[in-house]
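For reference, the chains in residue letters:
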Amino acid sequence: MYIGFENLEDVLIVSFMGELDHHSAEEVRVKVDDRIDRDNIKKLVIDFSGVTFMDSSGIGVIIGRYKKMALRKGNISIAAINKNIKRVFELSGIFKIIKVYENIKEAVQFS
């Protein structure tokens, strides 16, 4: 799993590339949390355009970052998911608490 970071205005954009599963979940948690804490992030956008597979561990990662951002009085949004990943998110009910956008530009604009 490749994890990229970009600060755009006051938003941290985290890009995932590869499989977000039980093998990569802990690394993703640690790296994203470290960046959130180090840069005192209040707005987080996660770019899923490069994610090829995700299981329930990936849902756990996203829910954990949602809770972390809520404690900071911040927000999180998701951008650019494919139909297979969208299905996993739909089954989890995550769209009830986290907004999803077609692309990063929209996610940043409305964050």
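As the structure is a prediction and not an experimental result, all values here were calculated from the model.

### Concerning unusual backbone geometry
Then, number 1: One non-glycine residue, N40, lies in the positive phi region at around 50°.
Then, number 2: Within the fold, N40 resides in the loop between helix 1 (25–39) and strand 3 (43–54).

### So, the pattern of salt bridges
Then, number 1: What the rule picks out here adds up to 9 salt bridges.
Then, number 2: With a shortest N-O distance of 3.2 Å, K43 and D10 are connected by a salt bridge. One end of the pair, K43, is in strand 3; the other, D10, is in the loop between strand 1 (2–8) and strand 2 (11–20), and 33 residues separate them in sequence.
Then, number 3: K31 is the partner of E27 in a salt bridge, and the nearest nitrogen-oxygen pair spans 2.8 Å. Taken together, the residues span about one helical turn, with E27 and K31 both in helix 1 at a distance of 4 residues.
Then, number 4: On the basis of relative accessible area, K31 is assigned to the partly exposed category, the value being 39%.
Then, number 5: The structure contains a network of salt bridges with shared partners spanning D37, K68 and R72.

Reading the values: rules and limits
- Residues numbered from 1 in each chain as written.
- Predicted model: local features only at pLDDT ≥ 70, side-chain atom pairs only at ≥ 80, totals over all residues.
- Heavy atoms only, no water.
- Helix = DSSP H or I, 4+ residues; strand = E, 2+ residues; numbered from the N terminus.
- Salt bridge = Lys/Arg side-chain N within 4 Å of Asp/Glu carboxyl O.
- Buried < 20%, exposed > 50% of the residue type's maximum accessible area, 1.4 Å probe, protein only.

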